[in-house]
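Results of the structural survey
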Amino acid sequence: MDGWNKDMLWVAVAAAGNVPSAIVLSAGYSTTAIIMGLIVHVFLCCLPFENPAILAGVVAISWYQVLIIMTVKQQQLKGTYVTFHTNKPIKSLWLTLQRVLQLQDVRTNRPWSSLSTSEQADYRLQLLYFALSAGLVLRLSFGMLFETGVSYIELACHIGLDEYDDRLMQLCASPPAASWLQDVLTSTMTLSSLAAAELTIGLWYVAYIAAFVGLMLAMDVVSRTFYLLFGVVKIPLLDNPWYSTTLAEFWGQRWNTTVQPVLKACFFDPAVKDRKLPLVAGVFLAFAGSGYLHAMPMWVAGARWLDGLAMFGFFILNAVAVLLDLGLREMGVPFLISYSTAWLALLGFLPVVIHCMYMAWYEAIVTTP
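Residues numbered from 1 in each chain as written. Predicted model: local features only at pLDDT ≥ 70, side-chain atom pairs only at ≥ 80, totals over all residues. Heavy atoms only, no water.

**Structural notes on the side chain of Asp325**
Note on placement: Asp325 falls in helix α13 (residues 305-330). Taking the relative accessible area as the measure of exposure, Asp325 reaches 0% and is therefore buried. (Helix = DSSP H or I, 4+ residues; strand = E, 2+ residues; numbered from the N terminus. Buried < 20%, exposed > 50% of the residue type's maximum accessible area, 1.4 Å probe, protein only.)

Shown next as structure tokens:
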């Protein structure tokens with residue numbers, strides 16, 4: 001059996017392993033379902049996938065499923081969840097799935113039938129607009145990454161990053177193959193070769209971020225189309241994040257409107273609203289849960305601990321930045337200054353995260369036979 005077929009077999013095993021916890025959840029036993037979900041999550045981390053990217057995706061989805069079950073439990077404790085008949089758990093699976101969709105942001109609960117004919121037409125047009133936008137952004141960003149991404153190692157070596165990453169030390173030791181970049185670096189131009197390399201790698205980082213946003217837009221179209229199958233009108237995955245006036249609003253309301261309410265229900269609300277812990281505790285717990293969701297797939301896929309730690313640290317830094325933004329506002333600092341200060345702290349660390357992600361991918365995919 002080749003590597004791809006073996007990975008698809010493990011994906012089928014992963015899907016089958018999640019069914020029992022879903023049935024138990026449908027029967028109303030959320031605590032047992034959480035334990036079963038965690039066991040499956042740990043089990044999946046140990047499966048011998050050939051493709052590390054597939055393993056990372058499976059592990060991330062299994063952890064997110066655990067968070068969904070934890071959210072359901074919180075709803076049950078508050079008495080706002082549907083009570084299922086424990087003797088008919090399988091028949092309740094469809095109802096469970098519908099209810100899980102309704103656990104998302106309250107702005108997703110508008111039924112399709114409540115929209116007028118013109119509103120339904122506008123919604124379809126919006127989906128088409130998002131699909132075209134995603135295609136355009138992905139085409140431009142991947143086009144630039146195709147031109148410059150191959151030379152990222154050369155760029156990193158030229159600006160001296162090999163002093164901080166031993167993987168680059170080995171790669172920089174051998175002379176790079178001839179490329180368009182050599183013409184730029186050796187040509188007589190106003191900018192020095194170092195400045196040219198720094199500018200190019202800066203554009204590469206921008207293309208990397210743009211590609212990620214394009215993927216989010218594509219996921220949004222798929223997600224909202226899926227919701228329509230259940231007659232639910234979902235707000236965009238990216239709900240105009242550029243309109244945010246605080247970092248808390250950016251992460252808590254406008255960025256990834258599917259995952260955000262789950263993290264809030266699993267970590268922030270139990271800490272701040274139920275146990276009356278300080279706001280700081282709830283913010284750090286929510287971002288730590290999100291950090292694990294992003295870092296753990298990297299680790300199980302073979303990334304170095306430092307690479308995953310950089311990803312996890314980025315989310316902890318987000319918690320610090322959110323609290324910094326709120327703190328400066330309480331001190332009377334104008335929102336433009338506080339908001340800009342918080343973003344500068346994040347953007348200053350973002351190249352480190354992108355570098356670690358790229359090198360982890362390069363080490364796992366390119367250099368692994």
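From this point on, the discussion continues.
**Overview of the confidence of the model for the protein**
This prediction gives the protein a mean pLDDT of 77; 79% of its residues lie at or above 70. Across the protein, element-level confidence peaks in helix α12 (residues 279-300) with a mean pLDDT of 90 and bottoms out in helix α8 (residues 180-186) with 44. (pLDDT = per-residue confidence, 0-100.)

**Regarding the pattern of salt bridges**
Opposite charge on two side chains makes pairing possible when the charged atoms of those side chains draw close. By the definition in use, this model includes six salt bridges. Between Asp220 and Arg224 there is a salt bridge; the shortest N-O distance is 3.5 Å. Taken together, the residues span about one helical turn, with Asp220 and Arg224 both in helix α9 (residues 193-228) at a distance of four residues. Here Asp220 and Arg224 have matching classes, each one buried. Across the salt bridge formed by Asp269 and Lys273, the nearest N and O atoms sit 3.7 Å from each other. Highlighted residues: Asp269 and Lys273, both in helix α11 (residues 259-274), separated by four residues, approximately one helical turn. (Salt bridge = Lys/Arg side-chain N within 4 Å of Asp/Glu carboxyl O.)

**With respect to the side chain of Asp165**
Tracing the chain through its elements places Asp165 in the loop between α6 (152-158) and α7 (166-173). The class for Asp165 is buried, based on a relative accessible area of 7%. Only 3.0 Å separates the side chain of Asp165 from the side chain of His355, close enough to count as a polar contact. Beyond its immediate stretch of four places on either side in the chain, Asp165 contacts His355 and Met359. (Polar contact = N/O pair within 3.5 Å; in protein donor to acceptor, adjacent residues only side chain to side chain. Contact = heavy atoms within 4.5 Å.)

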